[in-house]
Amino acid sequence: MNKKLTAMSALSLVLSMLFVQSSYAEDTQAVPPATEPSTNSQPAVPAAETSAGTTAPAQTASPAAEAGKGGETKKMLGEVVVTSTTIDDRFESKRGEASNISNISGKKVDEEHGKNIVDVLESIPGVTAEVQSGDSVKIMLRGVEAQRFMGEKPGVAIIIDGVPVVERTGRVNIDLDNIDSIKVIKGGASYLFGEDALSGAVIITTKRGAKMAGYTTSVETGSFNYRKGLARAGFAKNEWVGHIQVSKAMSDDFYDQGAWSRRYVDGKLQYLVDESSDIAFGFEDSHREKDSHGTVTGVTNALIDPRSATSGGKDYARNYDVELNKLNLTYSKDLGDNTNLMLMTYQYKDHTYGWQGPSGYLRDSAGNLLGDMSEMRDVYASGQDTKQTQRGLKSEWRKGGEEVGLMAGLDLQKFEDHGVSTYLVNYSSRSSPIGVSNPLKLAGTVSSDTVITNDTRAVYGEAKWQLSQPLALTLNGRYDNIKNGYTNNLPVTAPTLASASKTFNVLSERIGLNYAVGESSEIYSNISNGFRTPTASQMYGTTISPTSVVAGNPDLKPEKSWNKEIGLRGKRELLGTTLDMDVAVFQIDRNDFILNTGGQYTTTEGATATNGLEQYQNIGGVRNRGLEAGIKTDSRDALSADFAYTWLDARFTRYDHYWLGLGEQYSFPSTYHLVEVNNTGNVVPRTPKHKVNLNVRYRPAEHWTVTTELNAQSGIFADEMNVVWVGGRSVYNLMMTYEVKRESGMKFSAFARIDNIFNRYYYSTIRGIRDSNGDQVYDQEDPSITVNPGRVWTAGLSMVF
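Owing to the predicted nature of the structure, the values given are computational and were not obtained by experimental measurement.

(A) The overall build of the protein, seen in detail. When you go through the protein residue by residue, the secondary structure sums to seven helices and 42 strands. Counting across all 801 residues of the protein, residues that qualify as buried make up 57%. A separation threshold of at least 6 residues defines the contact pool for the protein, and within that pool the share at least 24 residues apart is 69%. For the protein, the accessible area works out to roughly 31600 Å², and carbon and sulfur atoms hold 57% of it.

(B) Main features of the sheet that holds strand β41 (residues 784-787). Taken together, the three strands give an open sheet; going across it, the order is β16-β41-β40, and neighbouring strands pair in antiparallel fashion. Edge strands, defined here as strands with exactly one partner in the open sheet, are β16 (295-297) and β40 (763-767). Ignoring which end each strand starts from, the neighbouring axes of this sheet average 25° apart. In terms of strand pairing, β16 meets β41 through three bridges, oriented antiparallel. Across the sheet, residue Thr 295 finds its bridge partner in β41, namely Thr 786.

(C) Structural detail: the sheet that holds strand β3 (residues 100-105). Strand order in the open sheet formed by five strands is β3-β9-β10-β6-β7, and the pairing between neighbours is mixed. Each end of this open sheet is capped by a strand with a single partner; those strands are β3 and β7 (163-164). Note that strand β6 (residues 157-160) and β7 share two bridges and pair antiparallel. Bridge assignment links Ile 159 to a residue of β7, and that residue is Pro 164.

(D) Just the pairing of strand β17 (residues 317-336), in detail. By the bridge criterion, 14 bridges tie strand β15 (residues 277-290) to β17 in an arrangement that is antiparallel. Residue pairing in the sheet places Ala 280 in a bridge with Thr 330 of β17. In this structure, β17 lies alongside strand β18 (residues 339-356), joined through 17 bridges in antiparallel fashion. Bridge pairing links Gly 336 to Thr 339 in β18. Counted along the chain from β17 to the antiparallel partner β18, the turn is two residues long, and its residue Asp 337 has a positive phi close to 55°.

(E) Layout of the environment of Gln 600. The topology assignment puts Gln 600 in the loop between β29 (577-596) and β30 (616-632). Judged by relative accessible area, Gln 600 falls into the buried class, the value being 8%. In contact with Gln 600, not counting residues within four places along its chain, are Gln 147, Arg 148, Leu 595, Tyr 655, Tyr 658 and Glu 720. Here Arg 148 takes part through its side chain, which lies 2.9 Å from a polar atom of the side chain of Gln 600.

(F) Geometry of the side chain of Thr 542. Along the chain, Thr 542 falls in the loop between α7 (536-540) and β28 (559-574). Residue classification places Thr 542 among the buried positions, given a relative accessible area of 16%.

(G) Looking closely at unusual backbone geometry. Positive phi, close to 60°, is recorded for Asn 225, a residue that is not glycine. Here Leu 575, not a glycine, exhibits a phi torsion of approximately 55°, which is positive. Relative to the helices and strands, Leu 575 is located in the loop between β28 and β29. Of the residues examined, Leu 575 reaches a relative accessible area of 84% and is grouped as exposed.

(H) Local environment of the nonpolar core. Within the largest apolar cluster, 33 residues are counted, with the highest numbers of intra-cluster contacts made by Ile 117, Leu 121, Ile 139, Ile 182, Val 184, Val 202 and Ile 204. When contributions to this core are tallied by element, the ones reaching two or more residues are α4 (118-121), β5 (136-141), β6, β9 (179-186), β10 (200-206), β17 and β18. Those residues in contact with Ile 139 that lie beyond four places of it in its chain are Ile 117, Leu 121, Val 127, Thr 128, Ala 129, Pro 154, Val 156, Ile 158, Val 172 and Val 202. Phe 652, Leu 662, Met 721 and Val 726 belong to the second largest nonpolar core, which has 32 residues in total.

(I) Broad picture of the environment of Glu 195. Within the secondary structure, Glu 195 sits in the loop between α5 (190-193) and β10. Glu 195 gets classed as buried once you look at its relative accessible area, which sits at 16%. For the pair Glu 195 and Phe 531, spaced 336 residues apart in sequence, the C-alpha separation works out to 5.6 Å. With sequence-adjacent residues up to four places away left out, Glu 195 is seen in contact with Lys 153, Asn 454, Ile 482, Phe 531, Arg 532 and Thr 533. Among the polar contacts listed, one links the side chain of Glu 195 to the side chain of Thr 533, at a separation of 2.5 Å.

(J) A look at the pattern of salt bridges. For the structure shown, the criterion picks out 41 salt bridges. For Lys 107, the salt bridge is made with Glu 111, and the minimal N-O distance between the two is 2.4 Å. Note that Lys 107 and Glu 111 are positioned in helix α3 (residues 106-112) at a spacing of four residues, about one turn of the helix. Classification of Lys 107 by relative accessible area gives exposed; the value is 54%. Residue classification places Glu 111 among the partly exposed residues on the basis of a relative accessible area of 39%. The residue Arg 148 makes a salt bridge to Glu 145 at a minimum N-O spacing of 3.0 Å. By relative accessible area, which is 1% here, Glu 145 ends up buried. Each of the salt bridges in this network shares a partner with another, and the network as a whole consists of Glu 145, Arg 148, Asp 196, Arg 532, Glu 559 and Arg 590.

(K) Structural detail: the packing of aromatic side chains. This model, assessed by the stated rule, comprises 15 aromatic pairs. Plain terms: the ring middles of Phe 254 and Tyr 255 are 5.0 Å apart, the flat faces sit at 80° to each other, and that makes the pair edge-to-face. For Phe 254, a relative accessible area of 12% gives the class buried. We classify Tyr 255 as buried; its relative accessible area is 8%. Measuring from centroid to centroid gives 6.0 Å for Tyr 761 and Tyr 763, while their planes differ by 75°, and the two rings are edge-to-face.

(L) Seen up close, a nonpolar patch on the surface. Taken together, Phe 235, Trp 240, Leu 269, Val 273, Ile 279, Phe 281, Leu 327 and Leu 329 make up a surface patch of nonpolar side chains, about 630 Å² in accessible area. Among the secondary structure elements, those contributing two or more residues to the nonpolar patch are β14 (260-274), β15 and β17. Structurally, Leu 269 is set in strand β14.

(M) Geometry of the environment of Gly 727. Structurally, the position occupied by Gly 727 is in the loop between β37 (725-726) and β38 (729-741). Expressed as a C-alpha distance, the spacing of Gly 727 and Tyr 762, which sit 35 residues apart in the sequence, is 9.1 Å.

Scoring rules and cut-offs
Numbering of residues starts from 1 in each chain and follows the order in which that chain's sequence is written. For a predicted model such as this one, the threshold for reporting local features is a pLDDT of at least 70, and the threshold for listing and counting side-chain atom pairs is 80 or more; totals across whole chains, interfaces and linings nevertheless cover every residue. The side-chain numbers reported here are obtained from all heavy atoms of the structure, hydrogens and water having been left aside. Only DSSP runs of H or I reaching four residues or more are called helices, and only runs of E reaching two or more are called strands; each is numbered from the N terminus. Here's how the labels work: a residue is buried when its accessible area is under 20% of the maximum for its type, exposed when over 50%, partly exposed in between, all with a 1.4 Å probe on protein chains only. In what follows, a contact means two residues having at least one pair of non-hydrogen atoms within 4.5 Å. In this description, accessible areas are obtained by the Shrake-Rupley approach with a 1.4 Å probe, and a residue is regarded as covered only by the protein chains that are shown. Strands qualify as paired when DSSP identifies two bridges or more between them. Angles shown run from 0 to 180 degrees and are taken between the N-to-C directions of axes, each axis being a line fitted to C-alpha atoms and, for helices, limited to the stretch in contact. As used in this structure description, the phrase polar contact means that two N or O atoms lie within 3.5 Å; if the pair is within protein, one of them must be able to donate a hydrogen and the other to accept it, and residues adjacent in sequence are counted only when both atoms belong to side chains. Side-chain atoms within 4.5 Å are what join buried Ala, Val, Leu, Ile, Met, Phe, Trp, Tyr and Cys residues into a set we call a nonpolar core. Each reported salt bridge corresponds to a side-chain nitrogen of Lys or Arg within 4 Å of a carboxyl oxygen of Asp or Glu. Any Phe, Tyr or Trp ring, taking Trp's six-membered ring, that has another such ring centre within 6.5 Å forms a pair; planes under 30 degrees apart are called stacked, those over 60 apart edge-to-face, and the others tilted. Each patch is built from residues that are more than 30% exposed by relative accessible area and take part in no salt bridge. Like charges join if they lie within 9 Å; nonpolar side chains (Val, Leu, Ile, Met, Phe, Trp, Tyr) join within 5 Å.

Okay, here's the thing in structure tokens:
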């Protein structure tokens with residue numbers, strides 16, 4: 001750990017002294033009614049504090065059993081229970097956690113009335129997210145992987161009801177109306193979740209339980225012809241609890257050709273087997289259609305054509321049709337003696353079709369040139385049809401004790417991605433005459449048919465020791481055996497490989513300490529890591545893709561991230577108001593991330609399919625360091641607020657070669673050439689140094705709540721070369737809600753929300769990699785830009801009865 005981080009750690013230790021005399025009152029879960037079956041995981045009973053201040057469920061019996069006992073809580077001093085889980089997270093308390101975590105309740109998600117999960121996660125320090133359209137988002141933590149945007153995995157494990165969601169585009173589609181809780185774990189989290197948890201994990205638990213009994217209906221409307229309707233019915237009778245929910249939303253959207261729609265059918269059925277065990281079955285089926293997300297090229301086009309209607313801007317991919325299906329079955333059993341067992345099996349399917357490849361030269365069947373495809377809005381080269389299937393089995397055993405808490409888990413996963421690409425039109429890559437170096441590609445031809453597999457067998461565990469009255473030690477470990485496979489279903493000739501596979505064995509760890517400072521606060525610290533295995537294209541290059549110039553490198557190693565952090569969390573009184581505070585400093589180092597020798601999204605000067613000048617290697621280095629601070633007050637007060645601040649410094653520590661492309665690449669004759677740039681020391685693009693979110697809630701009268709929100713961030717670079725700079729922004733949102741509850745249980749609510757109330761003009765995304773307009777200069781006229789739609793309003797009504 002270097003001197004700067006050590007100084008930051010010392011500062012946090014000094015700050016902890018401010019909390020010594022303050023009081024601490026942990027949030028706890030309400031005891032479910034006696035008719036509610038288990039929640040499939042840990043007991044939903046009030047948390048009991050150990051002698052060191054760590055929290056744990058009062059007993060490890062199933063929730064149903066606890067409810068059957070009348071919800072009585074027995075405080076067991078000195079008991080230590082592990083609260084980490086990969087199956088079904090129901091622990092709200094942060095006390096005793098060695099990592100920086102944030103919890104968001106389903107109630108808060110509902111009250112946000114957001115259109116996507118970004119509106120909810122903005123309140124968590126260290127979280128950034130990119131919206132594509134509708135509710136399709138890419139979530140990132142602590143700036144990790146902010147430089148990548150071509151559908152790569154986000155470096156964050158997304159877990160929904162225990163299912164590690166892996167969607168082909170690197171984005172996830174989440175039904176906001178079906179969220180019961182969200183937990184965000186920051187820092188390397190592969191010790192629990194395995195691959196791609198480089199910077200942490202987002203764990204989402206869907207709605208369930210007796211609280212879903214009854215009927216709910218809601219409708220919403222808003223800007224750009226936005227409409228949404230929802231209906232839900234639930235019941236709780238004897239040993240059975242269940243609900244089903246149907247929703248549909250659509251919008252013409254701000255962007256030209258940007259219309260989208262989504263439809264969800266989801267629900268859960270739970271059965272109380274006996275007082276100590278239960279079974280739950282969850283399902284979700286969704287269908288989404290989405291088109292353009294409004295890309296334009298350069299700042300001038302962004303200003304005169306923000307809707308991407310007239311300037312000729314084209315997305316790299318559009319016209320998506322996505323079908324998702326998710327099934328899971330969970331069994332929970334209280335084994336007595338503070339011991340619990342959980343078993344889970346799941347299946348997740350993703351069928352996505354879309355257009356790709358906006359560039360090329362349109363031809364007739366004889367090869368005659370018809371025009372430049374980049375100037376034709378609805379002409380794309382290929383149709384990409386992909387079918388992903390994830391299946392898995394998990395089990396977890398845990399036991400609490402007076403000084404030691406233990407957890408052990410087994411994780412078996414099978415993943416398959418079958419992709420078929422078909423030419424949609426007759427075209428060629430260049431405008432030069434058709435020939436060997438510029439072949440004619442005929443419509444209807446299957447250009448690729450591949451299957452990528454990923455089979456994982458893993459064991460993991462956690463041990464927590466109460467070393468002394470204030471000090472607890474947490475150790476985690478996970479061992480992954482991962483077999484990555486590749487199969488080409490089209491005929492191939494040597495040296496092209498028809499199939500290939502490689503197995504990786506990866507160990508992930510975390511060591512953490514918690515020190516209770518009186519009854520009011522605690523210091524937490526940990527060192528943890530995350531990992532990601534190489535992809536087939538990175539390992540095999542030209543041996544599986546003859547048109548590529550990237551040499552294969554089967555000796556690639558899994559890339560790793562190392563997270564070091566120290567933080568302080570606690571509650572204290574200030575002017576009669578209770579403040580819930582959490583401050584942490586962190587550093588994430590990646591010294592071996594997989595990078596092309598010519599740089600990302602570019603080509604090495606002089607590289608061909610046979611000379612080996614270009615190759616993926618473990619040569620990338622990046623360091624993300626920062627400070628995160630969160631302060632919350634009780635939302636039930638007449639005046640309350642939430643504050644989140646992030647200071648982030650993300651820089652490349654090793655990125656020696658980047659070949660910047662200048663000129664017109666596919667023109668005839670070509671003016672294209674490459675200039676070498678050293679990006680070492682540069683700021684990672686799209687990582688603001690300062691980011692602030694402030695929510696203030698005011699209740700002027702009974703039933704009424706007014707909420708104002710500020711989202712502000714400092715400027716960012718649009719590219720890895722740090723050439724194009726985009727200034728910071730401050731955006732204000734306003735929402736008013738009205739809610740009435742009757743003694744009969746009926747509830748009526750209405751809301752109106754205005755985002756970007758002052759109609760601030762800014763870019764939702766900006767990405768630059770090369771000279772896009774062919775003028776042989778890379779500047780502000782070259783990045784791909786999506787302009788924010790400006791002021792947007794939403795209003796809705798809902799009724800529960």
